[in-house]
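# Chain and residue survey
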Amino acid sequence: MVKVYTIASGKGGTGKTTVSVNLGTMLAELGKVTYLMDADIGMANVGLLLGLQDAPVTLHEVLAGKGNIADAIYEGPAGLKVIPSGISLQGFQEADPDRIREVLTELVKRCEFLLIDAPAGISKDGVVPLAVADEVILVVNPELSSIVDALKTKILTEVVGGHIKGAIINRVDPDKTEVITRKMEKVLGVRVLGIIPEDPNIRRSSSSKIPIVIRYPASPAAKAIRRIASDMIGVAYKEEETVVVKEGFIDRFTKALFKKKQKS
Ligand SMILES: Nc1ncnc2c1ncn2[C@@H]1O[C@H](COP(=O)(O)OP(=O)(O)O)[C@@H](O)[C@H]1O
Ligand SMILES: [Mg+2]
């Protein structure tokens, strides 16, 4: 059965796009047919993060009735399929968020998972993605303004008939993960699906336009995302396999020599 998840937050800059791109890539890497649609039609970032900023047909054209959804699907990392949005203001003005429902009907025929990167705020383009998803995942930072806006988004989702799956707490101080999980579950009243630590590798990976789960798979944030994706598809969390370089003759020889030298 297809699962449609909207990644939302209320507040901007909490990490929705980072989570969408990396969770999508991870689900694809774990063998699931996964699509990622950038429904943040005003501040489109998915294309920028994946080097698809020059895509000729985007969700803008599709939502303006000027393009076909089949032409707006691009190849992303690990086989992830990506529907970017355009970056022009005119494209944003011409796009009709209500058409997202039609686009969804087409996309769900093709995949197992569809992730929708939602815009911040509570205007129409932000509300439609909350209503059309099977479940909404909130991305929250452990700070008051983000928590308040996430609570507002939770209420709004319920008002428009949507469902909350839970929250991903992003940019957490690595020493405080357990305390934060308990606190956030209490304050938000939703399940905490995972904790992503503050990790400088996220910025590094976005400038290289390669998701952190591929660029730095052993980094703390990548491991956290792998764990969340594994939970979502119900498989046991497995660390990325590390390449073990077999000790060759030369290595053994150098080691033996080194030991001898130390003794003498
Ligand atoms: N766990 C993290 N550690 C460090 N930086 C992060 C983390 N998550 C997101 N960021 C940074 O925060 C900024 C906002 O993230 P982004 O995913 O664009 O948020 P949103 O889509 O919610 O506006 C980006 O510069 C991103 O690199
Ligand atoms: Mg974003």
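Here, the structure is the one placed above.
Residues numbered from 1 in each chain as written. Chains lettered and ligands numbered in written order. Predicted model: local features only at pLDDT ≥ 70, side-chain atom pairs only at ≥ 80, totals over all residues.

## Quick word on the overall build of the protein
Formally: Under the DSSP-based scheme used, a helix requires at least four consecutive residues in state H or I and a strand at least two consecutive residues in state E, with every element numbered from the N terminus. Partly exposed residues are those whose C-beta has more than 12 but fewer than 20 other C-beta atoms within 10 Å; 20 or more makes a residue buried and 12 or fewer makes it exposed, with C-beta atoms placed from the backbone. Think of it this way: build a C-beta for each residue from its backbone, and any pair within 7 Å is a contact.
Within the protein, the secondary structure is distributed over 12 helices and eight strands. Each principal axis of the C-alpha atoms in the protein carries an extent, and together these give about 80 × 45 × 35 Å. In the protein, which comprises 264 residues, the share counted as buried stands at 44%. Look at the contacts in the protein between residues 6 or more apart in sequence, and 73% of them connect residues 24 or more apart.

## Here we look at the sheet that holds strand β2 (residues 34–38)
What counts is decided by this rule: Strand pairing is assigned whenever DSSP identifies at least 2 bridges connecting the two strands. The angle between two axes is taken between their N-to-C directions and runs from 0 to 180 degrees, where each axis is a line fitted to C-alpha atoms and a helix contributes only its stretch in contact.
Strand order across the open sheet formed by eight strands is β3-β4-β2-β5-β1-β6-β7-β8, with mixed pairing between neighbours. If you trace the sheet from one side to the other, it starts and ends with β3 (74–75) and β8 (192–197), each paired once. The strands touched by helix α1 (residues 16–29) are β1 (3–8), β2, β5 (113–117), β6 (135–140) and β7 (164–172); relative to β5, the strand with the most contacts, the crossing angle is about 165°.

## Let's talk about the nonpolar core
Condition: By convention the nonpolar core is taken to be a set of buried residues drawn from Ala, Val, Leu, Ile, Met, Phe, Trp, Tyr and Cys and joined through C-beta atoms within 7 Å.
Formed by 67 residues in total, the largest nonpolar core has its most connected members in I7, M37, I116, L138 and I225. Considering each element in turn, this core owes the most residues, seven residues, to helix α11 (residues 220–233). In this structure I116 touches V4, Y5, T6, I7, M37, A39, P129 and A133, once residues within four positions along its chain are discounted.

## So, the site of ligand 1
Formally: As a rule, any residue with its backbone-derived C-beta atom within 6 Å of a molecule or strand is reported as near that molecule or strand. As a working rule, the residues Ala, Val, Leu, Ile, Met, Phe, Trp, Tyr, Cys and Pro are called nonpolar, Asp, Glu, Lys and Arg charged, and the rest polar, with Gly in that last group.
Every one of the 18 residues lining ligand 1 counts as a neighbour, but G15, K16, T17, T18 and I202 are closest to it. Looking at the shell around ligand 1, the elements with two or more residues in it are α1, β7 and α9 (200–208). Among the residues forming the shell around ligand 1, the class breakdown is three nonpolar, 10 polar and five charged.

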